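# Understanding the architecture of this molecule
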Amino acid sequence: MAKSFKADKRADAPVDAGDAPEVDETSLADIEGGNGAVGTSDASMSLSLGQVEGSVDRGDLIIPRLSIVHGVGPLSEVFDAGDLVLNRDTLLVAKEEPISLTVLSIKKTYEERLAYDANGPRPKTWDSREELVADGLHTEWKNNEPPPVREVAAILCLIEKPEGIESLSFNIEHDNKHYGVAVWTVRGTAYTRAAKKVFSASAIELAGSGLLAGRWTLYTKRDQIGGNFVFVPYLTLEDEKNSQEFIRTVTERLG
């Protein structure tokens, strides 16, 4: 279930009303897609109430995001470090408490390593190692210097709704339990502790049954990384696998 996310475009600079040219209303109506009243599209008059129409695909969807709260950043102003949060506004569980999830898919990419700056440029990305090598870059430490590019993984997961949580995101039901789709992006230490475990399980424990058969437990724990104590993810593959009925429900609902 691949997803496509586009960066926001910069808004055009404001125009002084005194310098703006006069607009021909007939031309404006044509630009807006209508041949009658200005700014009115004929298509808007034929919409079916309660229906989604047009060439809508998965690239038009905004998938909820799973996040680990760190000691700095906007989330830390609302939640505690180590909390697991859905869509930046819903506390799933507090630090060190577990959630259960199923990995639906995982995609590895590469990302330019930049110092965090909320107003700074977005990092450049590559889909393959061959692409970044062609640009003269690498992902290995050299001469005690961090690499200019790091590995990143987008994990599309199905989260089992924790007790006491009220959210419309958990809209898939099976065996009296509710589940919600979320994207969890991991890099750095989280990549090593989460993405590599999923890649390994897909090649070993889940090689015969597939990713959808795997049930995972995720929680956070405070650990020392590079001399600093931070909350890191602990992702563990459970012994019990998802049933074929569960996999069928998920496939029919999301396939």
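One structure accompanies this document, and this report is about it.

## What about helix α4 (residues 244-254)?
One turn of the α-helix equals 3.6 residues, which is why residues spaced by three or four share an orientation. Of the positions making up α4, those classed as buried are F246, I247, V250 and L254. Along the long axis of α4, the arc covered by the buried residues comes to 95°, so they all point the same way. Away from its buried face by more than 90 degrees, α4 exposes Q244 and E252. Those residues of α4 that are buried are in contact with β4 (99-112), β6 (149-160), β7 (172-174) and β8 (177-187).

## What about the packing of aromatic side chains?
The tally for this structure, following the rule as stated, stands at three aromatic pairs. Look at Y179 and F246: their rings are 5.2 Å apart centre to centre, the planes differ by 65°, and that puts the pair in the edge-to-face class. Taken together, the positions of Y179 in strand β8 and F246 in helix α4 put the pair 67 residues apart, joining distant regions of the chain. The ring of Y234 has K221 sitting right over it, with the charged end atom 5.8 Å from the ring centre.

## A few points about the sheet that holds strand β2 (residues 84-86)
Strand order across the open sheet formed by three strands is β1-β2-β3, with antiparallel pairing between neighbours. Two strands close off the open sheet at either side, each with one partner strand: β1 (66-68) and β3 (90-93). Between one strand and the next, the sheet's axes are offset by a mean angle of 35°, whatever the strand orientation. Strand direction decides the pairing type here: β2 and β3, joined by three bridges, are antiparallel. The residue bridging L86 from the neighbouring strand is T90, located in β3.

## Details of helix α3 (residues 189-203)
Here α3 is 15 residues long and its end C-alpha atoms lie 21 Å apart, about the 21 Å a rise of 1.5 Å per residue gives. Taken as a whole, α3 carries its principal kink of about 25° at A195. Those residues of α3 that fall on the buried side of the exposure criterion are A190, Y191, A194, A195, V198 and A201. On the buried face of α3, the contacting elements are β4, β6, β8, β9 (216-225) and β10 (228-237).

Definitions and cut-offs
- Residues numbered from 1 in each chain as written.
- Predicted model: local features only at pLDDT ≥ 70, side-chain atom pairs only at ≥ 80, totals over all residues.
- Heavy atoms only, no water.
- Buried < 20%, exposed > 50% of the residue type's maximum accessible area, 1.4 Å probe, protein only.
- Helix = DSSP H or I, 4+ residues; strand = E, 2+ residues; numbered from the N terminus.
- Arc of directions from axis to C-beta.
- Contact = heavy atoms within 4.5 Å.
- Phe/Tyr/Trp six-rings, centres within 6.5 Å; stacked < 30°, edge-to-face > 60°.
- Lys NZ or Arg CZ within 6 Å of the ring centre and 35° of its normal.
- Pairing = 2+ DSSP bridges.
- Axes fitted to C-alpha atoms, helices over the stretch in contact; angles between N-to-C directions.
- Expected span 1.5 Å × (residues − 1).
- Bend = angle between axes of the 7 residues up to and from the residue.

Any link to function would need more than the numbers given here.
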